[in-house]
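The residues making up each chain are set out below.
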Amino acid sequence: VVAVSAGAAHSLALAADGAIWSWGNGFYGQLGHGDTQDQLLPKKVEAFAGQRVVAVSAGAAHSLALAADGAIWSWGNGFYGQLGHGDTQDQLLPKKVETWAPGQ
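Here is what the cut-offs are and how they apply
- Residues numbered from 1 in each chain as written.
- Predicted model: local features only at pLDDT ≥ 70, side-chain atom pairs only at ≥ 80, totals over all residues.
- Heavy atoms only, no water.
- Helix = DSSP H or I, 4+ residues; strand = E, 2+ residues; numbered from the N terminus.
- Rg over C-alpha atoms; globule rule 2.2 N^0.38 Å.
- Buried < 20%, exposed > 50% of the residue type's maximum accessible area, 1.4 Å probe, protein only.
- Contact = heavy atoms within 4.5 Å.
- Areas by Shrake-Rupley, 256 points an atom, 1.4 Å probe, with all protein chains shown as cover.
- Lys, Arg positive; Asp, Glu negative; His and termini not counted.
- Charge placed at Lys NZ, Arg CZ, Asp CG, Glu CD.
- Pairing = 2+ DSSP bridges.
- Axes fitted to C-alpha atoms, helices over the stretch in contact; angles between N-to-C directions.
- Phe/Tyr/Trp six-rings, centres within 6.5 Å; stacked < 30°, edge-to-face > 60°.

A. Spatial organisation of the overall build of the chain. Along the chain, the regular secondary structure elements total 0 helices and 8 strands. Counted from the first residue to the last, the chain has its helices and strands arranged as β-β-β-β-β-β-β-β. A compact globule built from 104 residues would reach a C-alpha radius of gyration of about 13 Å, and the chain, at 12 Å, matches this within 12%. Seen through its C-alpha atoms, the chain measures out along the principal axes to roughly 40 × 30 × 20 Å. Classification of the 104 residues of the chain by burial places 41% in the buried group. When contacts within the chain are restricted to residue pairs at least 6 apart in sequence, those whose partners lie at least 24 apart make up 35%. Looking at the chain as shown, the accessible area adds up to about 5500 Å², and 56% of this sits on carbon and sulfur atoms. Positive and negative charge centroids in the chain, built from 5 and 8 side chains respectively, lie 6 Å apart.

B. How the structure looks around the sheet that holds strand β5 (residues 53–58). With antiparallel pairing, the 4 strands of this open sheet are ordered in space as β5-β6-β7-β8. Either end of the sheet is taken by a strand with one partner, and the two such strands are β5 and β8 (91–96). Geometrically, the sheet is characterised by an average inter-axis angle of 15° between neighbouring strands, direction not taken into account. Sheet topology note: the β5/strand β6 (residues 62–67) ladder contains 5 bridges and is antiparallel. Counted as the bridge partner of S57 is L64 from β6.

C. Fine view of the environment of G7. With respect to the helices and strands, the residue G7 is situated in the loop between β1 (3–6) and β2 (10–14). For the pair G7 and S57, spaced 50 residues apart in the sequence, the C-alpha separation amounts to 8.2 Å. Filtering out sequence-adjacent residues up to four positions away, G7 remains in contact with A58, G59 and A60.

D. Representation of the packing of aromatic side chains in the model. Applying the stated criterion to the full structure yields 4 aromatic pairs. Summarising the aromatic geometry, the rings of F48 and W75 are spaced 5.7 Å apart at their centres and angled 55° between planes, so their arrangement reads as tilted. Taken as a pair, F48 in the loop between β4 (39–44) and β5 and W75 in strand β7 (residues 72–76) lie far apart in primary sequence, 27 residues in all. Both residues of the pair, F48 and W75, count as buried. Put simply, the rings of F48, W73 and W75 pair up and form one aromatic cluster.

Here it is as structure tokens:
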């Protein structure tokens, strides 16, 4: 593990191979597993299979990842627009923030 980040009730770990692991409260989808289930043990975020993530950050009930290609991904609670997708929807799976998509 090369980095960790703690939200209000969930945690993220970034492994040396670029994989993200999450655990804790999943009420808003902030764990990135496609559901709202809590995880009592770290679980790999499969949405990033085949990608290398270089940084993670956990907000109160949302999560962010920076990929090696420069793309920013967000998921979890979007009530205040904090996910950066132009709406207030929650995201149960990581979704690319198009404003900074590679090539933009």
